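# Per-entry structural report
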Amino acid sequence: MLSVRNLHIRFRTGDGMVHAVNDVSFDVGASQHIALVGESGSGKSQIALSIMGLLAKNAEVDGQILWNGQDLLATSQREMNRIRAQEIGIIFQDPMSSLNPYMTIERQLTEIVEHHEGMSRRDARARALEVMDAVRIPDAKARLRAYPHEFSGGMRQRIVIAMALMCQPKLILADEPTTALDVTVQAQIMQLLADIRQDFGTSVVLITHDLGVVAGFCEDVVVLYGGRIMEEAQTTALFEQPGHPYTRGLLRAVPNIEDPSDALTAIPGSPPSQHRFPQACPFAPRCVDAVDTCRDTLPMLHKGRACVRPVEELT
Amino acid sequence: MLNYTLRRLLMVLPTLLILVIFAFYLMRLAPGGPFTSERPLPPSVMANVLERYGMDEPLHVQLWTYVKNIVCCFDFGPSFSQKDRTVNDVIAQGFPVTLTYGFWSAVFVLVLGIPLGIIAALRHNGFWDYTMTGLAIFSQIFPNFVLAPLLVLLFTLSWGLLPGGGWNGGQWQYVVMPAIALGTSYMASVARLTRGSMLEVLNSPYIRTARAKGLPERTIIMRHALKPALLPTLTYMGPVFVYMITGSVFVDVFFSTGGIGQDFINGAYSRDYAILLGLAILYAVLTFALTLMVDLLYAWIDPKVRAGLS
Ligand SMILES: Nc1ncnc2c1ncn2[C@@H]1O[C@H](COP(=O)(O)OP(=O)(O)OP(=O)(O)O)[C@@H](O)[C@H]1O
Ligand code: SF4
Ligand SMILES: [Mg+2]
């Protein structure tokens with residue numbers, strides 16, 4: 001359904017090009033859930049924005065984003081506007097700032113279906129109520145009249161999800177839908193997203209830096225580092241035998257539910273500079289398994305992993 | 001909201017009183033007086049004059065009389081410098097003049113400034129954007145004392161379209177040039193302000209959300225961006241509107257409109273305490289009214305502010 005092919009995203013900036021996303025490809029099938037996982041700055045949000053055609057003005061994009069065979073990078077503004085919300089919905093990273101503070105929730109929900117489906121205000125309001133019930137916002141009828149600042153963080157996140165559901169799109173891009181929330185609310189939101197697949201058969205691209213929320217939700221995982229795919233695998237396989245040192249590092253940063261005494265270890269070091277196109281493995285400076293070859297060859301994605309060393313040799 | 005408005009209105013009177021007391025004493029501190037001149041009056045004449053205007057009494061008694069007359073009879077007293085005219089007369093004659101051209105000037109500022117700013121923001125770095133920057137620079141190097149003669153040169157002397165001065169009861173031909181001369185630099189400021197805030201709003205995450213909804217650009221701007229983009233202009237226009245409707249000294253003098261800007265200057269030169277105090281009160285009342293209006297409009301646009309008011 002969605003097929004991202006050799007996607008490159010660069011930003012022109014005051015001090016040169018920033019290579020935010022490099023040669024990224026992945027597919028999403030009907031009612032499939034996949035995860036894009038990586039540390040901050042690994043290019044996850046930019047991939048989502050490029051699918052919606054919402055990249056910043058200083059961006060340059062290469063490659064293809066095929067939506068049912070149609071290249072979204074080459075579609076007209078008009079056609080893109082038709083696809084937005086109606087076929088592909090997005091849940092933005094920050095529910096605080098992505099709602100318009102000057103408009104009621106009602107208006108921000110109803111305008112979507114009024115525009116795309118030509119609904120009357122009354123029908124649109126009925127749809128808004130339905131969707132607000134679906135994302136379990138209590139007392140929806142009374143809350144329609146409220147403004148974003150009158151809701152808690154968790155409720156705002158639900159509103160943002162409700163917004164994405166208004167036209168029942170086939171695909172939802174969920175950019176860190178739980179990051180700003182505390183653990184119990186996180187679980188509720190993830191449950192909500194799982195229910196949505198049950199009810200509407202919606203596909204989801206889940207963007208997160210936390211491999212913990214991926215298990216039990218996504219079939220496939222794409223691990224990103226410095227705007228490159230480090231590893232892609234089925235979730236179960238990835239958790240059983242992570243094939244890339246970076247993935248292993250990420251997994252060690254996930255809290256262990258069975259043994260909470262197990263210390264969390266974040267990967268030491270910081271994400272790579274993206275100003276130059278790397279000639280070596282971008283993860284090499286932080287990799288516990290790095291050898292000399294890592295520093296003079298850029299590993300290509302092969303059999304789902306971009307690492308010069310065989311799986312068996314990794315620590 | 002109504003509660004808030006009433007509370008604000010209640011605060012006006014005590015504040016005004018403080019202002020009057022303050023201004024009253026402050027003016028008397030300045031050297032000279034309304035009747036000092038190069039040829040000093042003989043002491044007996046001086047005493048007579050002072051007595052006639054009640055200035056022989058101690059200051060606090062004068063102040064008391066002044067306030068009492070305003071409260072009971074809306075009487076701001078006689079002018080010291082203009083024979084046989086009261087302050088009420090002076091304001092009643094001059095204020096409608098500046099109110100008229102100031103109001104039209106404000107209309108000119110908003111009707112041109114806001115759309116210009118919006119278009120410049122939408123065509124960021126395009127033709128209109130540069131036109132607007134040009135205009136802003138133009139109004140900077142041609143302040144109203146250059147602009148006004150230029151207007152007269154073109155519209156009166158060259159083309160003979162508009163009268164070069166006078167008021168004539170406020171016929172439109174007499175209003176146009178004062179309004180433009182007064183408003184141009186404010187118009188450029190409003191355009192710049194609107195442009196800046198519009199650019200900022202258009203870059204905000206909630207506009208990106210609106211785009212992700214697939215709404216047409218027009219809807220995004222009119223429904224989502226316009227109101228917040230106008231907030232800075234609104235704040236700016238409150239005090240500016242007061243300046244405008246109370247007129248500019250320069251415009252009044254240059255176009256001989258007979259507005260109160262001129263009275264203010266004359267009053268200051270001749271130490272006409274009565275006129276100065278009367279005008280100060282007028283400015284204060286207008287400022288109160290306008291800030292209240294701006295605050296209410298702000299609350300109407302911004303639900304967070306509205307929640308804070310009630
Ligand atoms: N307009 C821009 N100009 C220049 N660089 C940009 C621009 N937008 C994004 N970037 C860069 O692109 C890189 C990827 O950003 P992105 O937002 O995709 O990260 P992310 O993976 O979503 O991280 P996070 O978890 O913090 O959201 C970052 O290094 C960022 O600095
Ligand atoms: S290529 Fe080398 S440096 Fe890169 S992840 Fe593999 S082992 Fe580590
Ligand atoms: Mg992000």
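Definitions and limits used
Residues numbered from 1 in each chain as written. Chains lettered and ligands numbered in written order. Predicted model: local features only at pLDDT ≥ 70, side-chain atom pairs only at ≥ 80, totals over all residues. Heavy atoms only, no water. Contact = heavy atoms within 4.5 Å. Buried area = accessible area lost by both parts, 1.4 Å probe. Salt bridge = Lys/Arg side-chain N within 4 Å of Asp/Glu carboxyl O. Polar contact = N/O pair within 3.5 Å; in protein donor to acceptor, adjacent residues only side chain to side chain. Helix = DSSP H or I, 4+ residues; strand = E, 2+ residues; numbered from the N terminus. Nonpolar A, V, L, I, M, F, W, Y, C, P; charged D, E, K, R; others polar. Donors = N, O, S within 2.8 Å, 3.2 Å for Na, K, Ca; no water. Disulfide = S-S within 2.5 Å. Buried < 20%, exposed > 50% of the residue type's maximum accessible area, 1.4 Å probe, protein only. Near = heavy atom within 4 Å. Areas by Shrake-Rupley, 256 points an atom, 1.4 Å probe, with all protein chains shown as cover. Pairing = 2+ DSSP bridges. Axes fitted to C-alpha atoms, helices over the stretch in contact; angles between N-to-C directions. pLDDT = per-residue confidence, 0-100.

### A look at the interface of chain B and chain A
With 20 residues of chain B at the contact, the number on the chain A side is 24 residues. Of the roughly 2,000 Å² buried between chain B and chain A on both sides combined, carbon and sulfur atoms contribute 62%. A salt bridge links lysine 213 of chain B to glutamate 111 of chain A; the shortest N-O distance between them is 2.6 Å. Along the contact surface separating chain B from chain A lie 10 residue pairs in polar contact (both at pLDDT 80 or more). Among the elements of the structure, helix H8 (205–212), helix H9 (217–245) and helix H13 (303–309) of chain B are those that each provide at least two residues to the side of chain B that touches chain A. Among the elements that take part in the side of chain B that touches chain A, H8 of chain B stands out by supplying six residues, more than any other. The residue inventory of the side of chain B that touches chain A, partitioned by class, reads 10 nonpolar, three polar and seven charged.

### Some thoughts on the coordination of the magnesium ion (ligand 3)
Ligation of the magnesium ion (ligand 3) by protein atoms is provided by Ser45 of chain A (OG) and Gln93 of chain A (OE1), these donors lying 1.8 to 2.3 Å from the ion. Placement of the pair is serine 45 of chain A in helix H1 (residues 44–52) and glutamine 93 of chain A in the loop between strand S6 (88–91) and helix H3 (105–117), with a sequence separation of 48 residues.

### Notes on the state of the cysteines
Note on terminology: disulfide describes a covalent bond linking the sulfur atoms of two cysteines. Residue and element names in this part refer to chain B. This structure, assessed with the given rule, holds one disulfide over all chains. Sulfur-sulfur distance for the disulfide between cysteine 72 and cysteine 73 comes to 2.2 Å. Overall, the relative accessible area of 56% leaves cysteine 72 in the exposed class. On the basis of relative accessible area, cysteine 73 is assigned to the partly exposed category, the value being 47%.

### A closer look at the site of ligand 1
All names here are of chain A. In the vicinity of ligand 1 there are 16 residues, among which Ser40, Gly41, Lys44, Ser45 and Gln93 approach most closely. Contact distances for ligand 1 include 2.5 Å between an oxygen atom and a side-chain N or O atom of serine 40. Contacts to ligand 1 include glutamine 93, whose side-chain N or O atom sits 2.8 Å from an oxygen atom. Burial of ligand 1 by the protein chains amounts to 71% of its free accessible area of 640 Å². If you list the elements that add at least two residues to the shell around ligand 1, you get strand S1 (2–13) and H1. Examining the composition of the shell around ligand 1, we find that three residues originate from one element, H1, more than from any other. Residue classes in the shell around ligand 1 are distributed as three nonpolar, 10 polar and three charged.

### Re the environment of glutamate 57 of chain B
Mapped onto the elements of the fold, glutamate 57 of chain B is located in the loop between helix H2 (43–52) and helix H3 (59–73). Taking the C-alpha atoms as reference, glutamate 57 of chain B lies 18 Å from isoleucine 70 of chain B; in sequence the two are 13 residues apart.

### Thoughts on the sheet that holds strand S7 (residues 171–175) of chain A
Residues and elements named next belong to chain A. Strand order across the open sheet formed by six strands is S6-S7-S8-S3-S9-S10, with mixed pairing between neighbours. Both edges of this open sheet fall to S6 and strand S10 (228–234), since each of them pairs with a single strand only. Between one strand and the next, the sheet's axes are offset by a mean angle of 15°, whatever the strand orientation. Where S6 meets S7, four bridges bridge the pair, whose relative direction is parallel. In the strand pairing of S7, isoleucine 90 is matched with leucine 173.

### Regarding the confidence of the model for chain B
Residue and element names in this part refer to chain B. Looking at chain B, the pLDDT average stands at 89 and 100% of residues meet or exceed 70. Mean pLDDT across the secondary structure elements of chain B bottoms out at H2, with 82, and peaks at H8, with 96. Of the two predicted TM-score estimates for the complex, the pTM is 0.87 and the ipTM is 0.90.

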